[in-house]
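Examination of the molecular architecture
Chain by chain, the residues run as shown.
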Amino acid sequence: ERERPVLLWLDLNPSMMFATRNRFKSVIATELAALIAWGTAKNNDRLGGLIFSSDEHIEIKPRRGKAAVLDFIGRCTKHSSWRNSQPATPSERNMMSAVSRLRKVTHPGSLIFMISDFRGLDEKSYSHIANISRHNDIVMIKIHDPIEAELPVSGDYRLTDGINELQIHTADKKLRDAYQQRYIDYENQLKTFCRQHRIHLIEMSTADDHIDRLNKGL
């Protein structure tokens, strides 16, 4: 298909402002969004999107050309999430609201790239995404940090959100196993959902070469 709308759903919630190596998930997500945006312009497709966090949602109507790409990148860099020093509670992330907005602005036949760690998706969120997928093509790009999947072996580690600090002790194997199992369950839920609704899922870690992973995934 030619000249189809391409929508970029970019998550800049507080959980994306995290990494134990390389760059923050949010930085990688924004770079990937910019690459996809330039590819969209090259194909002469219309570019639009939704850039969101717990306190700011920016909707961009699809347009063609270099100006649309530069506008999208500019709105990414000026988003309030980069300046917000206050951590958000899980309820404030409100992923359902972002998915609901995406459903309202999406027209049938669109290609949608959802770039996120997908933390905080509830049943209503999944339901909205399933409905969107009936008449559109969706590519989910899931970004995680290695420590989210598995705790390091035996040690004391300090984590901070810039304000609060948390000390974790990982000597307990049962704790590490339970932590890992929670991540596996969450990941399996997402994979199963994507298979059921023919959604293409690309997974990458902050430790990966994310451009290479994007190329291989597409």
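Structure: above.
Below, the structure is looked at part by part. Not measured: the values here are computed from a predicted model. (Residues numbered from 1 in each chain as written. Predicted model: local features only at pLDDT ≥ 70, side-chain atom pairs only at ≥ 80, totals over all residues. Heavy atoms only, no water.)

For the rest of this paragraph, the subject is the sheet that holds strand β4 (residues 111-116). Taken together, the six strands give an open sheet; going across it, the order is β3-β2-β1-β4-β5-β8, and neighbouring strands pair in mixed fashion. Each having just a single partner strand, β3 (57-63) and β8 (200-205) make up the two edges of the open sheet. For this sheet, the mean inter-axis angle between neighbouring strands, taken without regard to orientation, is 10 degrees. Sheet strands touched by helix α8 (residues 210-217): β5 (137-144) and β8. Its angle to β8, the strand with the most contacts, is close to 160 degrees. (Pairing = 2+ DSSP bridges. Helix = DSSP H or I, 4+ residues; strand = E, 2+ residues; numbered from the N terminus. Axes fitted to C-alpha atoms, helices over the stretch in contact; angles between N-to-C directions. Contact = heavy atoms within 4.5 Å.)

It is worth spelling out the side chain of Asp11 at this point. Here Asp11 lies in strand β1 (residues 5-11). Of the residues examined, Asp11 reaches a relative accessible area of 0% and is grouped as buried. A polar contact of 2.8 Å, which involves the side chain of Asp11, links it to the backbone nitrogen of Asn13. Within the structure, the side chain of Asp11 is placed 2.7 Å from the side chain of Ser116, a separation counted as a polar contact. (Buried < 20%, exposed > 50% of the residue type's maximum accessible area, 1.4 Å probe, protein only. Polar contact = N/O pair within 3.5 Å; in protein donor to acceptor, adjacent residues only side chain to side chain.)

This paragraph deals with the pattern of salt bridges. A full pass over the atoms with the stated rule returns 16 salt bridges. Taking the shortest distance from any N to any O, the salt bridge between Asp117 and Lys25 comes out at 3.0 Å. Placement of the pair is Asp117 in the loop between β4 and α5 (123-133) and Lys25 in helix α1 (residues 25-42), with a sequence separation of 92 residues. Judged on exposure class, the residue Asp117 and its partner Lys25 are both buried. (Salt bridge = Lys/Arg side-chain N within 4 Å of Asp/Glu carboxyl O.)

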